[in-house]
Amino acid sequence: MARRWMLAVLFALVGLAMAARQVSTGSPGAGVALGLVFALLAVAVSPLVFPRSLAAAEAQRRSAADGRPIVYWRPGCQYCLRLRLRLGAQAHRVHWVDIWRDPDGAAAVRAITGGDETVPTVVVAGRPHVNPDPGWLRRQLA
């Protein structure tokens, strides 16, 4: 659980330290600006910007029933964040599995990628796609 939040906490702490330094040197405006930038970065790399994750088995069961894709992801992954942002409101039409939270999800990704935990890995209609173009996935959801 702690590993999922490590990068976000690191951004928040660095931002807090840099903002405090700016304020202490007489630049409160710069301190506030730095604090906000690092707070936004912390949120962006945290699990908060992703829809609620499911266990891999539950995602596979739901995908078999409703035909929706499964996206295996992990917090802090810039490609996962890019995919999530490009999907926009359609992100809720996908089953998300956090591989750092679910060992079975990590094992599924390793089986697909030949032993690596390369994410995002998307499974559409039983066919895996490693780091697909977000536009392609949007078209699959249409």
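Above this text you will find the structure in question.
So, here's what we can say about the structure. (Residues numbered from 1 in each chain as written. Predicted model: local features only at pLDDT ≥ 70, side-chain atom pairs only at ≥ 80, totals over all residues. Heavy atoms only, no water.)

### Let's talk about the overall build of the protein
Line of reasoning, step 1. Summing up its helical and strand segments, the protein has six helices and four strands in all.
Line of reasoning, step 2. Reading the protein from its N terminus to its C terminus gives the helix and strand order α-α-α-β-α-β-α-β-β-α.
Line of reasoning, step 3. Projected onto its principal axes, the C-alpha positions of the protein cover 60 × 30 × 20 Å.
Line of reasoning, step 4. The burial tally for the protein puts 37% of its 142 residues in the buried class.
Line of reasoning, step 5. Considering only intrachain contacts with a sequence separation of at least 6, the fraction spanning at least 24 residues in the protein is 65%.
Line of reasoning, step 6. In the form shown here, the protein has an accessible surface area of approximately 7900 Å², with 60% of it arising from carbon and sulfur atoms.
Line of reasoning, step 7. Once the 17 positive and 8 negative side-chain charges of the protein are each reduced to a mean point, those two points are 8 Å apart. (Helix = DSSP H or I, 4+ residues; strand = E, 2+ residues; numbered from the N terminus. Buried < 20%, exposed > 50% of the residue type's maximum accessible area, 1.4 Å probe, protein only. Contact = heavy atoms within 4.5 Å. Areas by Shrake-Rupley, 256 points an atom, 1.4 Å probe, with all protein chains shown as cover. Lys, Arg positive; Asp, Glu negative; His and termini not counted. Charge placed at Lys NZ, Arg CZ, Asp CG, Glu CD.)

### Digging into the sheet that holds strand E4 (residues 127-130)
Line of reasoning, step 1. Read from one edge of the open sheet, four strands run E2-E1-E3-E4, paired in mixed fashion. Sheet topology places strand E2 (95-98) and E4 at the edges, where each strand pairs with a single neighbour. For this sheet the average axis-to-axis angle between neighbouring strands, irrespective of direction, equals 20 degrees.
Line of reasoning, step 2. As paired strands, strand E1 (residues 70-73) and strand E3 (residues 121-124) are joined by three bridges and run antiparallel to one another. Residue pairing across strands places Tyr-72 opposite Thr-121, the latter belonging to E3.
Line of reasoning, step 3. Packed on one face of the sheet, helix H3 (residues 56-66) meets E1 and E2 and runs near 165 degrees to E2. (Pairing = 2+ DSSP bridges. Axes fitted to C-alpha atoms, helices over the stretch in contact; angles between N-to-C directions.)

### Observations regarding the environment of Arg-138
Line of reasoning, step 1. Residue placement: Arg-138 occurs in helix H6 (residues 134-141).
Line of reasoning, step 2. In sequence terms Arg-138 and Gln-90 are 48 residues apart; their C-alpha atoms lie 7.6 Å from each other.
Line of reasoning, step 3. Those residues in contact with Arg-138 that lie beyond four places of it in its chain are Arg-86, Leu-87, Gly-88 and Gln-90.
Line of reasoning, step 4. Reaching out from Arg-138, the side chain makes a polar contact with the backbone oxygen of Arg-86 at a distance of 2.6 Å. (Polar contact = N/O pair within 3.5 Å; in protein donor to acceptor, adjacent residues only side chain to side chain.)

### Overview of H6
Line of reasoning, step 1. Every buried residue of H6 is listed here: Pro-134, Gly-135, Leu-137 and Leu-141. The buried residues of H6 occupy one face: seen down the axis, they fall within an arc of 160 degrees. (Arc of directions from axis to C-beta.)

### A look at the nonpolar core
Line of reasoning, step 1. In terms of nonpolar packing, the biggest core is built from 26 residues, with Val-71, Tyr-72, Leu-87, Trp-96 and Leu-137 touching the most fellow members.
Line of reasoning, step 2. Where this core is concerned, the elements lending two or more residues are H3, E1, helix H4 (78-87), E2, helix H5 (103-113), E3 and H6.
Line of reasoning, step 3. Take this core: its biggest share by element is four residues, from E1.
Line of reasoning, step 4. Every residue in contact with Leu-137, bar those within four places of it in the chain, is listed here: Pro-69, Val-71, Leu-83, Leu-87, Val-122 and Val-124. (Core = buried A, V, L, I, M, F, W, Y, C linked by side-chain atoms within 4.5 Å.)

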